[in-house]
Every structure is written in C-alpha cells, then in structure tokens.
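As a plain string of letters, each chain reads:
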Amino acid sequence: MSKPAIRVAVTGAAGQIGYALLFRIASGEMLGKDQPVILQLLEIPDEKAQKALQGVIMELDDCAFPLLQEVTAHSDPMTAFKDVDIALLVGARPRGPGMERKDLLQANAQIFTVQGKALNAVASRNVKVLVVGNPANTNAYIAMKSAPDLPAKNFTAMLRLDHNRALTQLAQKSGTQVKDIEKLVVWGNHSPTMYPDIRFATVNGESLEKKINDDVWNKDTFIPTVGKRGAAIIEARGLSSAASAANAAIDHIHDWVLGTNGKWVTMGVPSDGSYGIPEGIIYGFPVTTENGEYKIVQGLEIDAFSRERMDKTLAELTEERDGVADLLK
Ligand code: NAD
Ligand code: LMR
C-alpha cells in the first residue's frame, strides 16, 4: 500500500528556482522514491505570473510523474498553505535599481510577515519551513515571529548552497572527492559575512586542514570565494543561481526529513544559545538530523579567529533583525 501523500507548498513557483525545483520534488528526489506528493504552488496575483504558473503546471502534468497526486495553483497564501507539511518559501522581491539592502529587507519583510501569519493559521502544526528567498535568514526570522502557534524550531533558512559550494572548493583544492569530506561547517548569515569553517573537516577520516596545509589559501581565497559565490554567478550568468539553489533546497529538506546518519550538514536554524549566538537568531550551524528533527552539533572549540568571524556575521544578522523590528510589533 502506498504512503499517504505529503503536501508541499512552494512560493515563487513560476520563478527560476521554482522551475529547477518542482520537477525534482515531483520525481521523488526530495522525499523519497516511494513518497507521493501534492504540490500547492503560490505566485503573486499578477496575470503574467499566474499564466506562467499555469505553463509550469502543464509541464508537470506532461511528465506524468507517478508520485505526483495533485498540483494546485494559488495567489493567496491562505489557500496555498492549507494543511501543508512542508513549505519552501522561495518567492521574494529581487533587488531593483537603486534599491539598498535595507529597502529590500523592508519589501520582503512584508511578504514574510503575511506568509508567516498564513502558515500560522492554516498549515499543519508540524510544518517544516525552509526559506530560500533573500535575505533568507532574516526572512525566516520574520516568518517564525509571525507564526507564534507553530514550533519556532520548524523555521529554517538555506545555508546548504554555501555548504555545497564549500565542499567542492575543498575537494578541488585537496584533490579529493566531495563524497569523502565530512564535518564541514558554514556559520552565520547567507551573505558574504558567512564563515565556512574547515577546522573540523575530514577527508576519509583525516584532517582536511592538515592535508591542505595552506592557511593563506583558507583565509584569502577559500572563505571569500564561498562568501561571494552568489555574486560571481550573477556576474557570469546575468541571473542569480537557480539550479544549484534548487538542488540545495532539495538536499536541505531531504536530510531534515530522512536523516543524515550522523553526518553533519549546515542549516540556518533558530539559535538555542549554542556557541554564544543569542536565542532566536536564525544562524548557520552544523547539525545532524534523525526522525525528522535536527540537533545542533555541540562541543566544538571556537578559536579567536573563528570567534571574530562568527561575531561579524552575527552582528549583520542582529542589524537586520533590528531593521525589521517595527514590522513585527
Ligand atoms: P525569480 O525572480 O526568478 O522568481 C521569484 C518568483 O517569486 C517570481 O516568479 C515572483 O513573481 C515570485 N514572488 C515574488 N513575491 C512573491 C510572493 N509574495 N508570493 C509568491 N511568489 C512571489 O527569482 P529566483 O531566481 O527564483 O530566486 C528567488 C529568491 O531566492 C530570490 O530572493 C533570490 O535572491 C533567492 N536565492 C537564495 C539563495 C540561497 O542560497 N538562500 C540562492 C539563490 C537565490
Ligand atoms: C546566491 O547565493 O546564489 C544568491 O543568494 C545570490 C543572490 O544575491 O541572489
């Protein structure tokens, strides 16, 4: 007998990331090849966006995915989020000409306040939320604060793209394979202040830091390359990353739901006070997952360089949080 379907909401479903994401969810790559899914897709009410969404749904239909039980299109989060088990909040306002980071924060704060309230009202009480739309950590914080009846720990932000980017940089530098690297961490904000930390990383069980043995490369090349990778892709493609972002979203939810078997992955999660990060701030931490729950890896030693980097990315997040405080009153 087949499993009951899982309801997955995706916002910004007619956008670039949506197009790279939906077909992989429907084919079973996110939740398993034996897990039926129902897709509840949200776009802005704008006629062009809704028409584009209909086109995407026509293509989903034309794939005849055996696991896809139903697809619905929505322009209202109150219907899109009804009973959803998983919500991928991808849609956000991109930065326009002359827009400062602060303006972007304000515009998106409104979107994520409305969506957080809608999740609070109609989603499954155990809904797992992943925020992809930028600024992802603060948008996740806003949605979490707007949904007081849902568990705060179920609101997460995507740092997995940064984690995956760092893995490949490390494999290429050390002449090893991504699959053999473990215990990488990316601390903090999904922004250039993030801190990819290789101090605990191993390759086939041996210290990767020792194998690479190049502190100058770590500080002057690796950390900035990972931090500025999003901008490098925009520069090269004329558009922001989409397939790799969708892939990271699939990885994040896959691992959260199905478990990491003791392996560390990076998730942006509300801090429980670990590592001196104030409670509630959505911060990239190393986690392991089991039975649909994540746990922050504990007991890691934080040296002076790491403390400085972790505090710098925290300061940015605190500033973003203070910038939207008015909207959350
Ligand atoms: P896009 O512009 O191609 O698509 C975004 C879609 O969202 C559009 O179709 C738009 O109509 C829709 N949208 C806007 N506001 C909405 C709302 N209130 N409700 C529902 N839909 C809404 O953008 P994209 O390339 O798909 O990127 C989406 C977001 O993801 C951007 O904010 C981007 O910066 C971010 N991003 C994050 C990461 C990460 O690692 N966290 C990586 C890449 C991109
Ligand atoms: C990315 O990391 O690729 C995106 O967040 C970049 C961006 O600014 O949209």
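As recorded by an unreviewed UniProt entry, the chain carries the name Malate dehydrogenase and is attributed to Pelistega ratti. Recorded in UniProt for the chain, the comment headed Function (unreviewed entry) runs: "Catalyzes the reversible oxidation of malate to oxaloacetate."

Notes on the domain arrangement of the chain
Domain boundaries assigned for the chain yield domain 1 (6-157) and domain 2 (159-323). Tallying the contact residues gives 32 residues for domain 1 and 38 residues for domain 2. The contact between domain 1 and domain 2 buries some 2,700 Å² in all, and 64% of this surface belongs to carbon and sulfur atoms. For domain 1, the biggest contributors to the area lost against domain 2 are Gln16, Lys128 and Asn137; these three give 22% of the whole. Scanning the region where domain 1 abuts domain 2 turns up one salt bridge. For lysine 153, the salt bridge goes to glutamate 293, with nearest N and O atoms at 3.2 Å. At the junction of domain 1 with domain 2, the criterion picks out 14 residue pairs in polar contact (both at pLDDT 80 or more). Put simply, the parts of the chain that give the side of domain 1 that touches domain 2 at least two residues each are α1 (16-26), β4 (86-89), α4 (101-122), β5 (128-131), α5 (136-145) and β6 (155-157). In terms of residue count, the dominant contributor to the side of domain 1 that touches domain 2 is α1 (six residues). Grouping the amino acids of the side of domain 1 that touches domain 2 by side-chain chemistry returns 19 nonpolar, eight polar and five charged.

Quick notes on the UniProt feature "binding site: NAD(+)" (unreviewed entry) in the chain
The sites that UniProt annotates as "binding site: NAD(+)" (unreviewed entry) are Gly12, Ala13, Ala14, Gly15, Gln16, Ile17, Gly18, Asn108, Gln115, Val132, Gly133 and Asn134. Position of glycine 18 among the secondary structure elements: in helix α1. Every residue in contact with glycine 18, bar those within four places of it in the chain, is listed here: Gly12 and Ala13. Relative to the elements of secondary structure, asparagine 134 occurs in the loop between β5 and α5. A residue is classified by how much of its surface remains accessible, and asparagine 134, at 38% relative accessible area, is partly exposed.

Things to note about the site of ligand 2
With respect to spatial proximity, the complete set of residues near ligand 2 consists of Asn134, Arg165, His190, Gly230, Ile234, Ser240 and Ser241. The separation between an oxygen atom of ligand 2 and a polar side-chain atom of histidine 190 is 2.7 Å. At 2.7 Å, a side-chain N or O of serine 241 approaches an oxygen atom of ligand 2. Relative to its unbound accessible area of 270 Å², ligand 2 is 71% covered by the protein chains.

Here we look at the pattern of salt bridges
Where charged atoms of side chains with opposite charge meet at close range, the side chains can pair. Using the criterion set out here, one finds 14 salt bridges in the structure. Ionic pairing is found between aspartate 162 and arginine 165, a salt bridge with its closest N-O pair at 3.7 Å. Of this pair, aspartate 162 and arginine 165 both sit in helix α6 (residues 160-174), three residues apart, which is roughly one turn of that helix. Taking relative accessible area as the criterion, arginine 165 reaches 10% and is therefore assigned buried.

A look at helix α10 (residues 243-258)
End to end, α10 covers 22 Å across 16 residues, agreeing with the expected 22 Å (1.5 Å per residue, within 8%). Within α10, the full set of buried residues consists of Ala245, Ala246, Ala248, Ala249, Ile250, His252, Ile253, Asp255 and Trp256. The first or second residue beyond α10 is glycine 259, which carries a positive phi of 95°.

Details of the packing of α6 against helix α8 (residues 215-227)
Closest axis-to-axis distance for the α6/α8 pair is 9 Å, and the angle between their directions is 140°. Taken together, α6 and α8 sit at an angle that is classed as oblique. For the crossing formed where α6 meets α8, the hand is right-handed. Residues Asp162, Arg165, Ala166, Gln169, Leu170 and Lys173 of α6 lie in contact with α8, whose contacting residues are Trp217, Phe222, Thr225 and Val226.

Digging into the site of ligand 1
Contacts to ligand 1 come from 23 residues, most closely from Gln16, Ile17, Glu43, Val132 and Asn134. Between ligand 1 and the protein, one listed contact pairs an oxygen atom with a side-chain N or O atom of glutamate 43 at 2.6 Å. Between ligand 1 and the protein, one listed contact pairs a nitrogen atom with a side-chain N or O atom of glutamine 115 at 3.3 Å. Protein chains bury 83% of the 870 Å² of accessible surface belonging to ligand 1 in isolation. Of all the elements in the fold, those that place two or more residues in the shell around ligand 1 are α1 and α4. Among the residues making up the shell around ligand 1, the classes are represented as twelve nonpolar, ten polar and one charged.

Regarding the side chain of glutamine 50
With respect to the element layout, glutamine 50 can be found in helix α2 (residues 47-63). Given the relative accessible area of 18%, glutamine 50 is considered buried. One polar contact links the side chain of glutamine 50 to the main-chain carbonyl oxygen of histidine 74, over a distance of 3.3 Å. What glutamine 50 contacts, discounting residues up to four positions off in sequence, is Glu43, Ile44, Pro45, His74 and Ser75.

Basis of the calculations
- Residues numbered from 1 in each chain as written.
- Chains lettered and ligands numbered in written order.
- Predicted model: local features only at pLDDT ≥ 70, side-chain atom pairs only at ≥ 80, totals over all residues.
- Heavy atoms only, no water.
- UniProt positions renumbered as here; feature names shortened; annotations may be inferred.
- Domains from an automatic or database assignment.
- Contact = heavy atoms within 4.5 Å.
- Buried area = accessible area lost by both parts, 1.4 Å probe.
- Salt bridge = Lys/Arg side-chain N within 4 Å of Asp/Glu carboxyl O.
- Polar contact = N/O pair within 3.5 Å; in protein donor to acceptor, adjacent residues only side chain to side chain.
- Helix = DSSP H or I, 4+ residues; strand = E, 2+ residues; numbered from the N terminus.
- Nonpolar A, V, L, I, M, F, W, Y, C, P; charged D, E, K, R; others polar.
- Buried < 20%, exposed > 50% of the residue type's maximum accessible area, 1.4 Å probe, protein only.
- Near = heavy atom within 4 Å.
- Areas by Shrake-Rupley, 256 points an atom, 1.4 Å probe, with all protein chains shown as cover.
- Expected span 1.5 Å × (residues − 1).
- Axes fitted to C-alpha atoms, helices over the stretch in contact; angles between N-to-C directions.
- Parallel < 35°, antiparallel > 145°, perpendicular 65-115°, else oblique.
- Left-handed = near helix turned anticlockwise from the far one by under 90°.

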